[in-house]
Amino acid sequence: MPTNKELLVKAQALNNEEKYSEVIELLSDNLLEKLQDADLYAEKAQAYYWLKEYNFLETAIECALSINSNQAKANNYKGNICAKLNKGEEAIKYFNQAIKNDPKYAIPYNGLGNVYGRLKECNKAIEYYKKAIDIDSRYAHPYHGLGNIYSDLKDYN
């Protein structure tokens, strides 16, 4: 049987290749119950998120956070769920927890940009989108968010 680290590397590679169904197959419920690894649950949560399987996503997130409440990816996806449910303050809490636990993780900064953009707090949205870009200039989502904010502000330059 592969080690937890080997499974994590494989699941991360599959998620990066957008092979989400393969992640879910690799990280079966039975296997995760035995291993009790927050990082593996978080990888499965990512796969469920992109497959829009939100009920399973919440379960995977809750399992990850019950093992390690500081797991950055699980906090990020919990923030995404809250944002989708228009629970902005709760989303902000989870995105900030993800950043606290992994300040070099660009995705929760983008999530904060999205939440602040919806709240029409444009300066904060711009700040967080720019932080996401500073961390990972190849990450496309914050550029899209910035474009939307500048469009809303009618700042077309």
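The paragraphs below set out a description of the structure included in this document. All figures in this text were calculated on a predicted structure; none of them were measured in a lab.

Time to look at the side chain of Lys44. Mapped onto the elements, Lys44 comes out in helix α4 (residues 38-50). Assessed through its relative accessible area of 3%, Lys44 is described here as buried. Each residue touching Lys44, except ones within four places of it in the same chain, is listed here: Val23, Ile24, Leu27, Ser28, Asp29 and Leu32.

Helix α6 (residues 72-84) packs onto helix α5 (residues 54-67) with a crossing angle of 140° between their chain directions and a minimal axis gap of 9 Å. Accordingly, the angle class assigned to the pair α5 and α6 is oblique. The hand of the α5/α6 crossing is left-handed. For the pair α5 and α6, contact is made by Tyr54, Leu57, Glu58, Ile61, Glu62, Ala64 and Leu65 and by Ala74, Asn75, Tyr77, Lys78, Ile81 and Lys84, respectively. Split into classes, the residues belonging to the contact of α5 with α6 amount to 8 nonpolar, 1 polar and 4 charged.

The biggest cluster of nonpolar side chains holds 52 residues, and the ones touching the most others in it are Leu40, Leu57, Ile61 and Leu112. The dominant element in this core, judged by the number of residues it contributes, is α4, at 8 residues. The residues contacting Ile61, other than those within four sequence positions of it, are Ala45, Ala74, Tyr77, Lys78 and Ile81.

Look at helix α9 (residues 122-135) against helix α10 (residues 141-152): their axes get within 9 Å of each other, and the N-to-C directions meet at 155°. Classified by the angle between their axes, α9 and α10 sit roughly antiparallel to one another. Pair α9 / α10 crosses with left-handed handedness. Here Cys122, Ala125, Ile126, Tyr129, Lys130, Ala132 and Ile133 of α9 lie close against α10, whose contacting residues are Pro142, Tyr143, Gly145, Leu146, Ile149 and Tyr150. Residue composition of the contact of α9 with α10, by class: 11 nonpolar, 1 polar and 1 charged.

With that settled, consider α9. Under the 1.5 Å per step criterion, the end-to-end length of α9 is 20 Å for 14 residues, consistent within 8% with the ideal 20 Å. Regarding α9, the residues found buried are Cys122, Ala125, Ile126, Tyr128, Tyr129, Ala132 and Ile133. Contacts made by the buried residues of α9 are with α8 (106-118) and α10.

Leaving glycine out, the prevailing phi sign among residues is negative, and the prevailing peptide bond configuration is trans. At Asn86, a residue that is not glycine, the phi angle is positive and equals roughly 60°. With respect to the element layout, Asn86 can be found in the loop between α6 and α7 (88-101). By relative accessible area, Asn86 is classed as exposed at 66%. Positive phi, normally seen in glycine, also occurs at Lys154, with a value near 55°. A relative accessible area of 60% means that Lys154 is categorised as exposed.

To continue, consider the pattern of salt bridges. When the charged atoms of two side chains with opposite charge come close together, those side chains can pair. Applying the stated criterion to the full structure yields 9 salt bridges. Residue Lys44 is joined to Asp29 by a salt bridge in which the shortest nitrogen-to-oxygen separation is 2.7 Å. With a gap of 15 residues between them, Lys44 in helix α4 and Asp29 in helix α3 (residues 29-35) connect regions that are remote in the sequence. The shortest N-O distance in the salt bridge between Glu58 and Lys78 comes to 3.8 Å. Remark: Lys78 occurs in helix α6 and Glu58 occurs in helix α5; sequence separation between them is 20 residues.

Calculation rules
- Residues numbered from 1 in each chain as written.
- Predicted model: local features only at pLDDT ≥ 70, side-chain atom pairs only at ≥ 80, totals over all residues.
- Heavy atoms only, no water.
- Helix = DSSP H or I, 4+ residues; strand = E, 2+ residues; numbered from the N terminus.
- Buried < 20%, exposed > 50% of the residue type's maximum accessible area, 1.4 Å probe, protein only.
- Contact = heavy atoms within 4.5 Å.
- Axes fitted to C-alpha atoms, helices over the stretch in contact; angles between N-to-C directions.
- Parallel < 35°, antiparallel > 145°, perpendicular 65-115°, else oblique.
- Left-handed = near helix turned anticlockwise from the far one by under 90°.
- Nonpolar A, V, L, I, M, F, W, Y, C, P; charged D, E, K, R; others polar.
- Core = buried A, V, L, I, M, F, W, Y, C linked by side-chain atoms within 4.5 Å.
- Expected span 1.5 Å × (residues − 1).
- Salt bridge = Lys/Arg side-chain N within 4 Å of Asp/Glu carboxyl O.

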